[in-house]
Amino acid sequence: MKVALLVAACALSAVACTGSPAEVSTDRPLVPAPVSVEAADGTWFTLTASTRIRTPSGSGEAAAVGRYLADVLRRSTGYPLPVADTAPGDDAISLELVRDDRLGDEGYELEVTGEAATLRANRPAGLFMGVQTLRQLLPPAVERATPQPGPWRIPGGRILDHPRFAWRGAALDVARHFFTVDEVKRYVDLIALYKLNVLHLHLTDDQGWRIAIEGWPRLAAHGGGTEVGGGPGGHYTQRQYAEIVAYARDRYVTVVPEVDVPGHTNAALASYAELNCDGRARRRYTGTKVGFSSLCVEEQLTYRFLDEVLGELAALTPGSYLHVGGDEVQTLSDEQYAAFVERVQRIVRAHGKRAIGWQEITKAKLLPDTVAQYWDHRIGGDVVRAARQGTRLVLSPAERAYLDMKYDERTTLGLEWAGHVEVRDAYEWDPSTLLDGVGDDRVLGVESQLWSETLERIEDVEYMTFPRLPGIAEVGWSPAAGRRWDDYRRRLAAHGPRWSAMAVHYYRSPQVPWPD
Ligand code: TNX
């Protein structure tokens, strides 16, 4: 077997290189780029009507990953692809649980010979990540929903892969415009393809409250009944929210729900008069201004409200984090704001969770396990100091990771306050050099943001997400050393036909050499 190192591997490690970027783009257009690739040139494993999927015995979770893979492949190949823990070694895709220190919790090794494809991981999460790689190694038509002609060939070789950061997120604002359970599930499917593992749901804002709270029913019933522009809005029942959480969990995506407080709360203030300092309910709001609303922070009822809301949310959320917002509060003094943030963190902790909040929370004294989310360089200062003192950060720099910014002046959707964000901007940055004196050890990960003031339909969401989101995914997953825009744009180009196969509405950025 002739083994050649591919450029992706060359770029990502210090080893000698052969091959050209074109070779990588055509044979293995993987996004995010794996840690290392050894190509076995001329060797292919071909799926056939007799191929089986073998899962490790004794792990229901690994078996479920095998069934997920079969579901993806059956639609387009039309092959039966039986899943069992007893299939023979050849003509099979085998999922194996192993102990391998190189791989961590989400890493995997994929070995492809002429006879079989074998995925090895320490945990089912790693198998799931490897399955995404396997999908990307097959032709784009594999993503179609109906049987296609094939052939279904996987290039031979060995891939070793594991993530750089633990938190690789995508945020979706379902408050400014509401998106249905099925639309959110589709978003989960699309982000999972790029090995993201966090879905941050922005559930509440001035324009809408999107999650039913049993103790405070008017939040959803009244506060959920509108959205930007005056549309009908909507909300998730607790059962629907749990359904999203379970769907995401099956795809190794953790839901981080956000209840944005103390600002961005007009929908709550419209639903319950007693949450207002003057005791008068606000009118519902369908515009796009920010900063005008706040809970009544001196009022004890406010903290009972938060305890009950966050308590119900914590009970519905298996992940460790609750996002408490904390951004853009313009009506409180610094002292009031800091005291509020300190208190809300303790409420989150009392319900067994950790708090994450927007970078403004670094004005307050933070608990050691509270995470701050960086978004705007103009707010600067405190977030860097806090990070240096030990607070861990999720990075969402607006000029890079805000998928609601226009691509250029011709983009009709989106906003422009952080400038235009083209595909290259979203890709070409590094978490360890973003903030002075804040290195990798303080960075928990990266997250894209999709605010929906201007996005009414799920097609709009897809158009702003693709093709920028895969860039953020690679920033979060792949080793920094080998990332090069020119190699990336070629790999990314090969994803256009995949999105077409999945009927994803994407922006054909002129920066990417799309095949026709
Ligand atoms: C700033 S980012 C906001 C959001 C807006 C967004 C629009 C952040 C913490 N707050 O409320 O939707 O800009 O880009």
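Report on the accompanying structure. (Residues numbered from 1 in each chain as written. Predicted model: local features only at pLDDT ≥ 70, side-chain atom pairs only at ≥ 80, totals over all residues. Heavy atoms only, no water.)

### Comments concerning empty space enclosed by the protein
Inspection of the entire model under this criterion finds three cavities of 30 Å³ or more. Considered as a void within the structure, the largest cavity measures approximately 40 Å³ in volume. Taken together, Arg28, Val37, Glu38, Leu110, Val112, Leu137, Pro155, Gly156, Gly157, Arg158 and Ile159 make up the full set of residues lining the largest cavity. Contributions of two or more residues to the lining of the largest cavity are made by strand S2 (36–47), strand S6 (108–112) and strand S8 (152–161). The biggest single contributor to the lining of the largest cavity is S8, with five residues. Its residues assigned to classes, the lining of the largest cavity shows six nonpolar, two polar and three charged. (1 Å grid on protein atoms, 1.4 Å probe; cavity = no way out; pocket = protein on both sides within 12 Å on 5 of 7 lines; lining within 4 Å. Points joined across faces, edges and corners; volume = space filled by probe spheres on them. Helix = DSSP H or I, 4+ residues; strand = E, 2+ residues; numbered from the N terminus. Nonpolar A, V, L, I, M, F, W, Y, C, P; charged D, E, K, R; others polar.)

### Remarks on helix H4 (residues 124–137)
Here H4 is 14 residues long and its end C-alpha atoms lie 20 Å apart, about the 20 Å a rise of 1.5 Å per residue gives. Most of H4 sits out of view: 14 of its 14 residues are buried. (Expected span 1.5 Å × (residues − 1). Buried < 20%, exposed > 50% of the residue type's maximum accessible area, 1.4 Å probe, protein only.)

### Digging into the site of the ligand
As a matter of local geometry, the ligand sits amid 13 residues, with Arg176, Tyr402, Asp404, Trp417 and Glu453 nearest to it. Between the ligand and Glu328 there is a distance of 3.2 Å, counted from a nitrogen atom to a side-chain nitrogen or oxygen. Measuring from an oxygen atom of the ligand, one finds a side-chain N or O atom of Asp404 at 2.6 Å. Here the ligand has 360 Å² of accessible area as a free molecule, and 97% of this is covered by the chains. Residue classes in the shell around the ligand are distributed as seven nonpolar, one polar and five charged. (Near = heavy atom within 4 Å. Polar contact = N/O pair within 3.5 Å; in protein donor to acceptor, adjacent residues only side chain to side chain. Areas by Shrake-Rupley, 256 points an atom, 1.4 Å probe, with all protein chains shown as cover.)

### As for the environment of Arg74
Relative to the helices and strands, Arg74 is located in helix H3 (residues 60–77). Sequence separation between Arg74 and Val290 is 216 residues, and the spatial gap between their C-alpha atoms is 47 Å. Dropping the residues within four chain positions of it, Arg74 is found in contact with Tyr79, Pro80, Leu81, Pro82 and Val83. (Contact = heavy atoms within 4.5 Å.)

### Structural notes on the layout of surface pockets
Gaps between atoms show up when a probe of the same size as a water molecule is rolled over them. Taken as a whole, the largest pocket holds about 680 Å³ of empty space. Of all elements in the fold, only H4, helix H7 (238–249) and strand S13 (254–261) reach the threshold of two or more residues within the lining of the largest pocket. Taken as a whole, the second largest pocket holds about 260 Å³ of empty space. Arg75, Arg135, Arg186, Asp189 and Met502 are the residues nearest the centre of the second largest pocket, which is lined by 15 residues in total. Its residues assigned to classes, the lining of the second largest pocket comprises eight nonpolar, no polar and seven charged.

### Section: the sheet that holds strand S17 (residues 392–395)
Around the barrel, eight strands lie side by side as S9-S10-S13-S14-S15-S16-S17-S18; this closed barrel has parallel pairing. Averaged over neighbouring strand pairs, the angle between their axes works out to 30° when direction is ignored. Across two bridges, the pairing between S13 and strand S14 (residues 321–325) is parallel. Following the sheet pairing, Glu258 is matched in S14 by His323. The sheet contacts of helix H5 (residues 181–192) involve strand S9 (167–173), strand S10 (198–202) and strand S18 (443–450), and relative to S10 the element is tilted by about 145°. (Pairing = 2+ DSSP bridges. Axes fitted to C-alpha atoms, helices over the stretch in contact; angles between N-to-C directions.)

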